[in-house]
Amino acid sequence: MRVIGLDLGNRTVGVALSDYLGIIANPVGTFRFEDQDLDSALAQVVAVIKENQVEKIVLGLPKNMNGTIGPQAEYCLKFKEMLEEATKLEVIMIDERLTSRQADVIMLKADMSRQKRKKNVDKLAATIILQSYLDRH
């Protein structure tokens, strides 16, 4: 079963895909859109879902450090509803606190330049989100 992992931001969505066995998450890319234009983000994600015959969606939920739901998490929950309506697939929300920080640390250890880190942080965060889901299931 193919699973997609998403890290949604205000102007980007990082995308990762599992292998066909659902064991390993692989980064796909970062898609850009106008500020909070969820319709554009949805169109780009749905195209990847259809092209790769995805059966399940994992979306990062950016909770506050104290575990509460803030404006960014509500934004992601709205996107979750849009995804479910557009794809008729199950969307699983995964706590994504500090995944972008984890991605940044990984890239620093790999000695990536600041420009490359900025370009790759979203897709690597999506990969971390997806891999954490795959490891639990």
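Residues numbered from 1 in each chain as written. Predicted model: local features only at pLDDT ≥ 70, side-chain atom pairs only at ≥ 80, totals over all residues. Heavy atoms only, no water.

**Student:** Explain the nonpolar core to me, please; I cannot follow it from the model alone.
**Tutor:** Within soluble globular proteins, side chains that are nonpolar generally end up buried alongside one another. In terms of nonpolar packing, the biggest core is built from 23 residues, with Ile4, Leu6, Leu8, Val45, Phe79 and Leu83 touching the most fellow members. Where this core is concerned, the elements lending two or more residues are strand 1 (3–8), strand 2 (12–18), helix 1 (38–51), strand 4 (56–61) and helix 2 (71–87). When residues in this core are grouped by element, the largest group, seven residues, is from helix 1. Residues contacting Leu83, with those up to four places away along its chain left out, are Leu6, Leu42, Val45, Ile49, Ile57, Leu59, Lys88 and Val91. Within the second largest apolar cluster, eleven residues are counted, among which are Ala25, Val58, Ala126 and Ile129. (Core = buried A, V, L, I, M, F, W, Y, C linked by side-chain atoms within 4.5 Å. Buried < 20%, exposed > 50% of the residue type's maximum accessible area, 1.4 Å probe, protein only. Helix = DSSP H or I, 4+ residues; strand = E, 2+ residues; numbered from the N terminus. Contact = heavy atoms within 4.5 Å.)

**Student:** I'm lost on a nonpolar patch on the surface in this one. Help?
**Tutor:** The grouping of Leu21, Ile23 and Ile24 at the surface amounts to a nonpolar patch, some 320 Å² of accessible area in total. Among the secondary structure elements, Ile23 is positioned in the loop between strand 2 and strand 3 (25–32). (Patch = residues over 30% accessible without salt bridge, like charges linked within 9 Å, V, L, I, M, F, W, Y side chains within 5 Å. Areas by Shrake-Rupley, 256 points an atom, 1.4 Å probe, with all protein chains shown as cover. Salt bridge = Lys/Arg side-chain N within 4 Å of Asp/Glu carboxyl O.)

**Student:** I would appreciate a short explanation of helix 1 in the present structure.
**Tutor:** The periodicity of an α-helix, 3.6 residues per turn, causes residues three or four places apart in sequence to face the same way. Between its terminal C-alpha atoms helix 1 stretches 20 Å, which fits the 20 Å expected from 14 residues at 1.5 Å a residue. Of the residues making up helix 1, those classed as buried are Leu38, Ala41, Leu42, Val45, Val46, Val48 and Ile49. The arc that holds every buried residue of helix 1, seen down its axis, measures 160°, which confines them to one face. Exposed positions of helix 1 whose direction lies more than 90 degrees from the buried face are Asp39, Lys50 and Glu51. Just downstream of helix 1 lies Gln53, where phi reads positive at about 50°. (Expected span 1.5 Å × (residues − 1). Arc of directions from axis to C-beta.)

**Student:** Would you mind showing me how to read the pairing of strand 1 here?
**Tutor:** The side chains of a regular strand alternate between both faces of the sheet. Taking burial as the measure, the six residues of strand 1 include six buried ones, the bulk of the element. Both strand 1 and strand 2 contribute to a ladder of five bridges, which runs antiparallel. Within strand 2, the residue paired with Asp7 across the bridge is Gly14. (Pairing = 2+ DSSP bridges.)

**Student:** Could you clarify how one ought to interpret unusual backbone geometry in this entry?
**Tutor:** Negative phi values dominate among residues other than glycine, just as trans dominates among peptide bonds. Phi is positive for Gln36, which is not a glycine, with a value near 55°. Mapped onto the elements of the fold, Gln36 is located in the loop between strand 3 and helix 1. Positioned with a positive phi, Lys88 is a non-glycine residue whose angle comes to about 60°. As for its position among the elements, Lys88 is in the loop between helix 2 and strand 5 (90–95).

**Student:** What is the right way to look at the environment of Lys78 in this model?
**Tutor:** Examined against the element boundaries, Lys78 turns out to sit in helix 2. Residues Lys78 and Leu38 lie 40 residues apart in sequence; the distance between their C-alpha atoms is 8.8 Å.

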